[in-house]
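Structure at a glance
Letter by letter, the chains look like this.
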Amino acid sequence: MYICPMNIKHDRSKVLKKGIELFWNEGYSNLGVDAICKYTGMTKGAFYNAFKSKENFLLSCLESYKTINVEYLKELLKEDERSAVNRILGMYIHMLEALPNQNFAGCMMNNMMSEVGSLNNKVAKITEQSFNSLLEVIEPVVIEAQEEGDIKKSIDSSSITELIHTSFFGILTRTKSTKDTSKAIHTITTLINSLK
């Protein structure tokens, strides 16, 4: 908890959750500290005491988002009656089908990679680490699909995982503009089927 000069307590996880929502929907450049403070309920003094800068707040939000995303993907990929390849495809379809309910905001990490990553080394580093954390969750299921004979073994599992998830990020970016989830689902399905 942070205690601001007015003795108002702020729960760090709640503040970061609200920050994630803000960056996800508004972007980085469009947000000022005033808007962040208004949305999170923090005073400027409490904000600067806790995070020092807007950049540090973004980095904290990205770290929190990584943790949330890793757990989310683990849940979507957990073993059930489906084959491994169908769990992988189901995960991507599930995320794409959720886009209309999220106003086609895409993925907060992908958005920050696109907007800020090429301009800011700290953001580039944390988004790359986050992306790699997601690959670490997905790759064991790719290996399982290879062992089941549903994904070719002629390409190593790390390359396949990178190909699929990088392509998915591109699909997300395009779908933000087109607002066409059916085309996005068709594209990711075609990609995964081409690896059989």
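The coordinates are above.
Nothing here was measured: the structure is a model prediction, and the numbers come from that model. (Residues numbered from 1 in each chain as written. Predicted model: local features only at pLDDT ≥ 70, side-chain atom pairs only at ≥ 80, totals over all residues. Heavy atoms only, no water.)

A closer look at the overall build of the protein chain
Rules: Numbering of helices and strands runs from the N terminus; a helix is a DSSP stretch of H or I covering at least four residues, while a strand is a stretch of E covering at least two. By definition in these notes, contact holds between two residues if any of their heavy atoms fall within 4.5 Å. Under the convention used here, a 1.4 Å probe and the Shrake-Rupley method define accessible areas, while residue burial counts only the protein chains that appear. This count recognises Lys and Arg as positive and Asp and Glu as negative, with His and chain-terminal groups excluded. Every charge is mapped onto a representative atom, which is NZ of Lys, CZ of Arg, CG of Asp or CD of Glu.
A count of helices and strands for the protein chain gives 9 helices and 2 strands. Listing the helices and strands of the protein chain from first to last along the sequence gives β-β-α-α-α-α-α-α-α-α-α. With respect to the three principal axes, the spread of C-alpha positions in the protein chain is 60 × 30 × 30 Å. Counting only contacts in the protein chain whose residues sit at least 6 apart along the sequence, the fraction spanning at least 24 positions is 65%. Total accessible area on the protein chain is roughly 10,100 Å²; 51% of this is exposed by carbon and sulfur atoms. Side chains of the protein chain give 23 positive and 23 negative charges; the mean places of these two sets differ by 8 Å.

Remarks on the side chain of Lys-54
For clarity, the threshold we go by: Remark: exposure states derive from per-residue accessible area (1.4 Å probe, protein chains only) relative to the maximum for the residue type, with buried under 20%, exposed over 50%, and partly exposed in between. Each salt bridge in this description consists of a side-chain nitrogen of Lys or Arg and a carboxyl oxygen of Asp or Glu lying within 4 Å of one another. In protein, a polar contact requires one atom able to donate a hydrogen and another able to accept it; more generally it is a pair of N or O atoms within 3.5 Å, and residues adjacent in sequence count only if both atoms are side-chain atoms.
Assignment of secondary structure puts Lys-54 in helix 4 (residues 54-77). Although buried, Lys-54 forms no salt bridge, and the nearest oppositely charged side chain, Glu-115, lies 7.1 Å from it. Here Leu-31 takes part through its backbone oxygen, which lies 2.6 Å from a polar atom of the side chain of Lys-54. Among all residues touching Lys-54, those that are not within four sequence positions of it are Phe-23, Tyr-28, Ser-29, Leu-31, Val-33, Ile-36 and Phe-47.

Description of the layout of surface pockets
Selection rule: Grid spacing is 1 Å over the protein atoms alone, the probe is 1.4 Å, and a cavity is where that probe fits but cannot get out, while a pocket is an open set with protein on both sides within 12 Å along at least five of seven lines and lining residues have an atom within 4 Å of a point. Grid points are joined across faces, edges and corners, and a volume is the space filled by probe spheres set on the points. The classification used treats Ala, Val, Leu, Ile, Met, Phe, Trp, Tyr, Cys and Pro as nonpolar, Asp, Glu, Lys and Arg as charged, and all other residues, Gly among them, as polar.
Approximately 510 Å³ is the volume attributed to the largest pocket. Around the largest pocket, the lining comprises 22 residues; the ones closest to its centre are Trp-24, Tyr-65, Asn-69, Gln-102 and Gly-106. Across the lining of the largest pocket, the residue classes break down as 15 nonpolar, 5 polar and 2 charged.

Some details on the pattern of salt bridges
Following the criterion strictly, the structure yields 7 salt bridges and no others. Between Lys-74 and Glu-71 there is a salt bridge; the shortest N-O distance is 3.7 Å. Of this pair, Lys-74 and Glu-71 both sit in helix 4, separated by 3 residues, roughly a single helical turn. By relative accessible area, which is 44% here, Lys-74 ends up partly exposed. Judged by relative accessible area, Glu-71 falls into the partly exposed class, the value being 47%. Between Lys-78 and Glu-75 there is a salt bridge, and its shortest N-O distance comes to 2.7 Å. The exposure class assigned to Glu-75 is partly exposed, which follows from its relative accessible area of 47%.

Description of the packing of helix 8 (residues 157-178) against helix 9 (residues 181-194)
To be explicit about the condition: Every axis corresponds to a line fitted to the C-alpha atoms, with the helix fit spanning only the stretch in contact, and the corresponding angles, defined between N-to-C directions, vary from 0 to 180 degrees. The cut-offs work like this: below 35 degrees is roughly parallel, past 145 is roughly antiparallel, 65 to 115 is roughly perpendicular, and the gaps in between are oblique. Note on convention: near helix rotated counterclockwise from far helix by under a right angle means a left-handed crossing. Clockwise means right-handed.
The interhelical angle for the contact between helix 8 and helix 9, taken along N-to-C directions, is 165 degrees, at an axis separation of 10 Å. It follows that helix 8 is roughly antiparallel to helix 9 by the angle criterion. The handedness of the crossing between helix 8 and helix 9 is right-handed. Two secondary-structure elements touch here, helix 8 through Leu-163, Ile-164, Ser-167, Phe-168, Ile-171, Arg-174 and Thr-175 and helix 9 through Thr-181, Lys-183, Ala-184, Thr-187, Ile-188, Leu-191 and Ile-192. Residues of the contact of helix 8 with helix 9, tallied by class, amount to 8 nonpolar, 4 polar and 2 charged.

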